[in-house]
Each structure stands twice: as C-alpha cells, then as structure tokens.
Amino acid sequence: MKSLFTLSVMALLVLAVMPAVLAVSVGSGITPDITTEDFAPLVWMCDSRVVYDDATEPGRISGDGEVLKERINNYAFEGEQITWRVLVMDKNGVEKIEDVFATIGDSQGEGNDIEVNCQEVWVGNDIDETCNARILEEDLDDFDGDVMKYYDCTLTVETPESMSGEKWVTVEAVDLDGLSGTMDENEFWFLNPDIALSIDGILTFDDVRPGTQSYSNTLLVGNDAELGSGVLLDMFISGTDFYDTSSSGAMCPTTNQLTLDNFRYYVTNGAYNSALDAGADSVDSDRATDVEGYTNIEYGIGFNNPAPFYDNAEILQAGPSIGPYYTANILAPGSEMALTFKLSLPEPCNGDFDSGSIFFWGEAI
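Nothing here was measured: the structure is a model prediction, and the numbers come from that model.

**Q** Teacher, can you tell me more about the state of the cysteines here?
**A** Throughout this description, disulfide means a covalent bond between two cysteine sulfur atoms. Throughout the structure, instances matching the rule amount to three disulfides. Across the disulfide, C46 is cross-linked to C131 (sulfur-sulfur distance 1.9 Å). On the sign convention where negative is left-handed, the bridge of C46 and C131, at about 95 degrees about the S-S bond, is right-handed. Taken together, the positions of C46 in the loop between β1 (42–45) and β2 (50–52) and C131 in the loop between β7 (119–121) and β8 (134–135) put the pair 85 residues apart, joining distant regions of the chain. You'll find C46 and C131 in the same group, each marked buried. Put simply, C118 and C153 are joined by a disulfide, and their sulfur atoms are 2.0 Å apart. Taking the sign of the S-S torsion, about 110 degrees here, the bridge from C118 to C153 comes out right-handed. Remark: C153 occurs in strand β10 (residues 148–156) and C118 occurs in the loop between β6 (113–117) and β7; sequence separation between them is 35 residues. Note on accessibility: C118 and C153 belong to one class, buried.

Next up, the structure:
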C-alpha cells in the first residue's frame, strides 16, 4: 500500500508541473518618436575674396580683370566685380541644398534680393583652414562630401538704374525646406556713387600789361562726390591754347593765339604746396616748377587724352607715396585744394582771349 501511495503522489506532482511547460509566451513594447533636425545650411567664407577692375576705364594700377589694388574704401562702380569662395554645409545632406547665391539689400542677413547664382566647384577632399569652419565650439577638420560643397560667387556691379546707393552684400544658401543661412562676413558697399568736382571762384585776368605777370584770385577745387560714398579722387589738371573770338586783329606775340605755356599755377593742400612738387614726368619730361613755386600745365582735352596723365599731369606731386599715388594729390569727399594761377603775358600782345579752357579732373581710386 505504501508503494502505491508514493507513486500516486509523484503522478500528481507531474500533472501539476505540466501546464506551465505547455503555456504560450507573451510580451509588450513601445514605438520611439524620432524627429530629425531640419538643419539650416551653414556658409563659411574662405580666404579667396577678391575685387576686380572693369574694362570701362582702367586705373593707374589695375586693368580689366585685374585685382583692384587701389580701392581702399567701400564703393564700387558699374562693371567692377566682387568674388567669394564659400563652403556650404547641410547635415541633412548636400542633396537638400537648393541654391547658393549672392544678395544685395537694405538690411543685413537673409532675405535680400538675389543678384547672382554661385557655381559649385571642386576644391579637394580637405577643409581649407581659412574657412574657419565651426559649429559652436566644434572645429570641423574633415571634409565630408555627403554634407559639404564649395561654391564660387562672382557679383558684377550693374548700372545705376538697378544698383545704386548703400547696400548690404552677402552670400546666402537655401535648402529644400526653405531654411537659409548666410556667411558671417556681410559687406557694406556704396554702389555707383555720383562723383563730381566743385570749383569755387572765377579765373579772370583783367587789363594785363604785355610783358608782365598777373595773378588770379584763388580758386577752390573740391571733391563733391555723393555724401557718404567715401570716394577718393586722384586729381589732375590740363588745358588748351586760347583764342580771341572777336575780329580784333589779335597777335600774341606772333599770331592770334595765346599758348598754354604762358600759364602756371600754385596749389596748396594741407601741409603741402607746389614748391614741394616732385616734377615727375614720364610722358614728355617738361613738368617743372619755377622759383615762385608755380607749376606748368599739360595739354589735354580729355582724361588721359592725348597722353596718360599719370606722373605727368597731377595737380600736386607731393606728400608720402602710397604705391604710385601722391597723398597730397588725393581729395576725400568734401575736401578742397586752393589754386592760384599766374599769366606771363608775352610782349607784344593784343586781343581779348576768351576761347579755351583749363580742365580739372578727378579719378576715383
């Protein structure tokens, strides 16, 4: 009986365990909510920003398509160009970069008028250290073509009808989500400023006795460029011979012509005057200043016409040199030079010489 009882208990134990072994397994889980950042493009300017001269009127140094070395203030004229190389990054992928362009507008930053599209360029598999590519405190060292591209941007200044006045200029990138970014180095330019000369005074010589010297009232010649433009003018002077428009039987001394050689001028500008003139003349070697400090006038009816005015027809060749420029010959907006003229009238001389000109010229540098 005892043995039978024991076996019965074991059978009961087995039956008690079996349901747990045969049951179906269960479990549960959660679905994560993952949102990828819509990354606004980043734009870094690299060290290749250059301003180029145009072909309209080559300057003293720079010619068409050459680097505009003489421009030191923030103004630009029709045909001149500003170029940038930029590195653009979009962590959502370069395929998301919709457009990269240079803009001009009245406010700094994004959203100004698009003026020119930039062109993608291949620079290599490195990040140019001059781009200083950073995201907050992260310094980017490795170029990743999946999220980065280089672009070259060239903005050509248009006519005053479409580009004039003080404007902010920058490079902007926009992605397919409409997010934008600009390079930090926004620039401020005065585009196509009006440039002009002011002449205060009248040049007259009344009742000059033949064989004598006569002096005029002092004239003020000034830089009357548009206010706020910062345009610096390199100053020049030229002239023509003079004639008597009436039928007076003029003769001075042998024909009815009073030549320009009979005129000279004395100029002061700041600490400098004609007595300090360098007398440099690379054209015909006839520039000279007399013992009184009066300088002769070169022939010319147009700027650099008939010959180049450089080192030949500057009003005042004095002051410390900045490259080929005489600092005493440069006028800032609103500044003036004072000029007094001397006429050495030949003997014999007869006639009233009222036809002919003395010209003043200012070239923006």
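On we go from here.
**Q** Please explain the pattern of salt bridges as it appears in this structure.
**A** Oppositely charged side chains can pair when the atoms bearing their charge come close. Per the stated rule, a full pass over the model turns up 12 salt bridges. In this structure, E314 and R60 form a salt bridge, with 2.8 Å as the shortest nitrogen-oxygen distance. Placement of E314 in the loop between β21 (298–299) and β22 (321–322) and of R60 in the loop between β2 and β3 (75–76) is noted, with a sequence separation of 254 residues between them. One exposure class covers both E314 and R60, and it is buried. Among the salt bridges present, the one from E292 reaches K342, with a minimum N-O distance of 2.6 Å. In this pair, E292 is assigned in the loop between β19 (272–273) and β20 (295–296) and K342 in strand β25 (residues 336–344), connecting sequence segments 50 residues apart. Its relative accessible area of 2% is what places K342 among the buried residues. Residues participating in the shared-partner salt-bridge network are R60, D234 and E314.

**Q** Just to check I follow, could you spell out a negative patch on the surface for this structure?
**A** A cluster of like negative charges, contributed by D47, E95, D126, D128, E129, D141, D142, D144 and D146, occupies part of the molecular surface. Within the secondary structure, E129 sits in the loop between β7 and β8.

**Q** Mind showing me how you'd approach the packing of aromatic side chains here?
**A** Any two aromatic rings considered together are summarised by their centre-to-centre distance and by the angle between their planes. Per the stated rule, a full pass over the model turns up 18 aromatic pairs. Every member of this aromatic cluster is reached through a ring pair, and the members are F236, F303, F309, Y310, F359 and W361. Lying across the ring of Y325, R60 places its NZ or CZ 5.1 Å from the centre. Over the face of the ring belonging to Y294 we find K342, whose NZ or CZ atom lies 4.7 Å from the ring centre.

**Q** Help me understand the pairing of strand β13 (residues 187–191) in this model?
**A** Along any regular strand the residues' side chains alternate between the sheet's two faces. Taking burial as the measure, the five residues of β13 include four buried ones, the bulk of the element. Bridging between β3 and β13 involves two bridges; their strand directions are parallel. Residue Y75 lies in a different strand from β13, and its bridge partner there is F190.

**Q** I'm lost on the environment of A307 in this one. Help?
**A** Note on placement: A307 falls in the loop between β21 and β22. A307 sits 24 residues away from V283 along the chain, and the two C-alpha atoms are 7.2 Å apart.

**Q** Just to check I follow, could you spell out unusual backbone geometry for this structure?
**A** Both trends apply: most residues other than glycine have a negative phi, and most peptide bonds are in trans. The step from C252 to P253 runs through a cis peptide bond, and the omega angle for that step is -10 degrees. Along the chain, P253 turns up in the loop between β17 (233–239) and β18 (263–269). P306 follows N305 through a cis peptide bond whose omega is 15 degrees. By secondary structure assignment, the location of P306 is in the loop between β21 and β22. Phi is positive for N132, close to 50 degrees, though the residue is something other than glycine. Among the secondary structure elements, N132 is positioned in the loop between β7 and β8. For D311, which is not glycine, the phi torsion reads 50 degrees and is therefore positive. Structurally, D311 can be placed in the loop between β21 and β22.

Conventions used here
- Residues numbered from 1 in each chain as written.
- Predicted model: local features only at pLDDT ≥ 70, side-chain atom pairs only at ≥ 80, totals over all residues.
- Heavy atoms only, no water.
- Disulfide = S-S within 2.5 Å.
- Helix = DSSP H or I, 4+ residues; strand = E, 2+ residues; numbered from the N terminus.
- Buried < 20%, exposed > 50% of the residue type's maximum accessible area, 1.4 Å probe, protein only.
- Salt bridge = Lys/Arg side-chain N within 4 Å of Asp/Glu carboxyl O.
- Patch = residues over 30% accessible without salt bridge, like charges linked within 9 Å, V, L, I, M, F, W, Y side chains within 5 Å.
- Areas by Shrake-Rupley, 256 points an atom, 1.4 Å probe, with all protein chains shown as cover.
- Lys, Arg positive; Asp, Glu negative; His and termini not counted.
- Charge placed at Lys NZ, Arg CZ, Asp CG, Glu CD.
- Phe/Tyr/Trp six-rings, centres within 6.5 Å; stacked < 30°, edge-to-face > 60°.
- Lys NZ or Arg CZ within 6 Å of the ring centre and 35° of its normal.
- Pairing = 2+ DSSP bridges.

Interpretation in functional terms is not warranted from these geometric data alone.
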